[in-house]
Amino acid sequence: MALKIWMNTGLVDEAEARVSVFDHGLLYGDGVFEGIRVYHEKVFELAAHIKRLFDSAHVIRLPIVMSREELSNAVETTVKANGIRDGYVRLVVTRGVGTLGLNPFVCKNSNIIIIADTIQLYPEELYEKGMKVVSATTIRTHPLAFPAQVKSLNYLNNIMAKIEALDRGVPEAIMYNHEGYVAEATGDNVFIVQNGTVLTPPVESGGLGGITRGVVIRLARQLGIEVVEKNLTRYDLYVCDELFLTGTAAEVIGIVEIDGRRIGDGKPGPTTRRLRETFDNYARGKGQ
Ligand code: PXG
C-alpha cells in the first residue's frame, strides 16, 4: 500500500513525495536525520530524538522552521495516517535546493520529510545465538573533522566500515577512533560486561549519543548494575565477559565473536540477556 509521507507542511501521497536533484541533501549529504521506533502505536523516546535532531541541525547551522512541538506532532500524525502499530520513523531534514556549489546559505528552504513504515529486523535466531563482528580498519571521524554526535546525512565513514564487515561475512563492524579507542559500531553503540560491571565508551570517544544507549544505561542502573563510561581498547573487547550492541533497529544484541576471538562461552551472556529482556519490557510496555 502506498504510504503517506510528510513533506514540510503536511501529508502527501508517496508518489508526490519528491526532492529536487539540486537539494544539497543529495548533492553533498548536507542534512540531518533520526531513526525512531514505534512500539504498540507509541513513538519511542520521541522527545529525545527531537532534541538530538535539533542539536545536530544547530551544529551544522541548519535552521528547522518548525518548533520541537510542531515536529513531534507531525511525527505522530504521520504514524497515525499510515496505521503503523509497530514500525519505524525516518525523520529527515535536508539543506534544500541550492546551486552546484558547497555554499549551504544559498539554500533558502530546508526540506522536512517524515516517513513511517514497517522495519526490517535482524532474525530472532541472531539474538538467541549472538552475532559476530569484526574490527574495522576505517576509523571514526576525528572530532575536528566532523563530530560523531551529529546524526548527519553523510554516513560514508560508517558505510566504509560496514563494507569491511560485509566483505568479512559479518553484519557489523566495531569502529575505533583516531587514538585507537572504541568509538561505536557502524549503526549501534558498544557495551562490554566485565566482572558484573557494564562498561561503555563515553560519547567523546567518537560515538553517537544513542537513544537506546541512554535508555539501557538508565535501566541497568535501575536494576542495580554498575555502569561506567570509560575508554575501551580492542584488547578490552577481546577479553571481556560479555559484549553487546544497542541501537534503534537492533535494540540490545549480544556479540559472541570479534575478529575470530570467542567472547565468554560463545553465547549471549546473562547480563546481556537480562538487559535485552528489561529493554523489551520497557519498550513494549510490559513492565516498568
Ligand atoms: N551509532 C550510529 C552511528 C548510529 O547510526 C546508533 C549509534 C545508535 O543510536 P540510537 O539512537 O538508534 O540508539 C546509531 C543509530 C539502521 C538504523 O537501519 C541505524 C540506526 C538507527 C536506525 C536504523 O541500520 N543507527
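Residues numbered from 1 in each chain as written. Predicted model: local features only at pLDDT ≥ 70, side-chain atom pairs only at ≥ 80, totals over all residues. Heavy atoms only, no water.

Caption draft 1: Up close: the overall build of the chain. Summing up its helical and strand segments, the chain has eight helices and 15 strands in all. If you line up the chain on its principal axes, its C-alpha atoms span 55 × 40 × 30 Å. Residue burial in the chain is summarised as follows: out of 288 residues, 51% are buried. Long-range pairs, those at least 24 residues apart, make up 69% of the contacts in the chain between residues at least 6 apart in sequence. If you sum the accessible surface of the chain, you get close to 13,900 Å²; carbon and sulfur atoms cover 54% of it. When the 32 positive and 35 negative side-chain charges of the chain are each reduced to one mean point, those points stand 1 Å apart. (Helix = DSSP H or I, 4+ residues; strand = E, 2+ residues; numbered from the N terminus. Buried < 20%, exposed > 50% of the residue type's maximum accessible area, 1.4 Å probe, protein only. Contact = heavy atoms within 4.5 Å. Areas by Shrake-Rupley, 256 points an atom, 1.4 Å probe, with all protein chains shown as cover. Lys, Arg positive; Asp, Glu negative; His and termini not counted. Charge placed at Lys NZ, Arg CZ, Asp CG, Glu CD.)

Caption draft 2: How the structure looks around empty space enclosed by the protein. Applying the stated rule across the entire model yields two cavities of 30 Å³ or more. Lining the largest cavity, in full, are Ala183, Glu184, Asn189, Val190, Thr200, Pro201, Pro202, Val203, Gly207, Leu208 and Arg213. Sorting the residues of the lining of the largest cavity by element identifies strand S9 (182-185) and strand S10 (189-194) as the ones contributing at least two each. A per-class count over the lining of the largest cavity returns six nonpolar, three polar and two charged. Space inside the second largest cavity adds up to approximately 30 Å³. Considering the residues around the second largest cavity, the lining is formed by Arg37, Tyr39, Phe44, His49, Thr212, Gly247, Thr248 and Phe279. Of the residues in the lining of the second largest cavity, the class split is three nonpolar, four polar and one charged. Viewed by domain, the lining of the second largest cavity spans two of them, domain 1 (4-117) and domain 2 (124-283), each represented by three or more residues. (1 Å grid on protein atoms, 1.4 Å probe; cavity = no way out; pocket = protein on both sides within 12 Å on 5 of 7 lines; lining within 4 Å. Points joined across faces, edges and corners; volume = space filled by probe spheres on them. Nonpolar A, V, L, I, M, F, W, Y, C, P; charged D, E, K, R; others polar. Domains from an automatic or database assignment.)

Caption draft 3: Inspection of the layout of surface pockets at higher detail. In this structure, the largest pocket occupies an estimated 690 Å³ of space. Around the largest pocket, the lining comprises 31 residues; the ones closest to its centre are Tyr88, Lys151, Gly187, Asp188 and Ala249. Among the secondary structure elements, those contributing two or more residues to the lining of the largest pocket are strand S3 (31-39), helix H2 (46-59), strand S5 (87-94), helix H5 (156-167), helix H6 (211-222) and strand S13 (242-247). Here the lining of the largest pocket is composed, by residue class, of 11 nonpolar, 12 polar and eight charged. Both domain 1 (4-117) and domain 2 (124-283) contribute no fewer than three residues apiece to the lining of the largest pocket.

Caption draft 4: Quick look at the pairing of strand S14 (residues 251-258). A large share of S14 lies buried, amounting to seven of its eight residues. Two elements, strand S7 (residues 131-135) and S14, share three bridges in a ladder whose sense is parallel. The partner of valine 133 across the bridge, within S14, is isoleucine 258. The pairing of S13 with S14 spans five bridges and is antiparallel. Bridged to phenylalanine 244 within S14 is glycine 254. Hairpin connection between S13 and S14: a loop of three residues separates the two successive antiparallel strands. Where S14 and strand S15 (residues 261-262) come together, two bridges link them in antiparallel fashion. Across the sheet, isoleucine 258 pairs through a bridge with arginine 261, a residue of S15. Between S14 and S15, which follow one another and run antiparallel, lie two residues, and aspartate 259 among them has a positive phi close to 50 degrees. (Pairing = 2+ DSSP bridges.)

Caption draft 5: Local environment of the pattern of salt bridges. Applying the stated criterion across every chain yields a total of 14 salt bridges. When the shortest N-O distance is used, the salt bridge between arginine 85 and glutamate 41 registers 3.1 Å. Note that arginine 85 is positioned in the loop between helix H3 (68-81) and S5 and glutamate 41 in the loop between S3 and strand S4 (42-43), a separation of 44 residues in sequence. Residue arginine 85 is classed as partly exposed on the basis of its relative accessible area of 45%. Across the pair arginine 284 and aspartate 280 runs a salt bridge whose closest N-O atoms are separated by 2.2 Å. Accessibility expressed as a relative area gives 17% for aspartate 280, which makes it buried. One salt-bridge network, held together by shared partners, links Arg37, Glu251, Arg276, Asp280 and Arg284. (Salt bridge = Lys/Arg side-chain N within 4 Å of Asp/Glu carboxyl O.)

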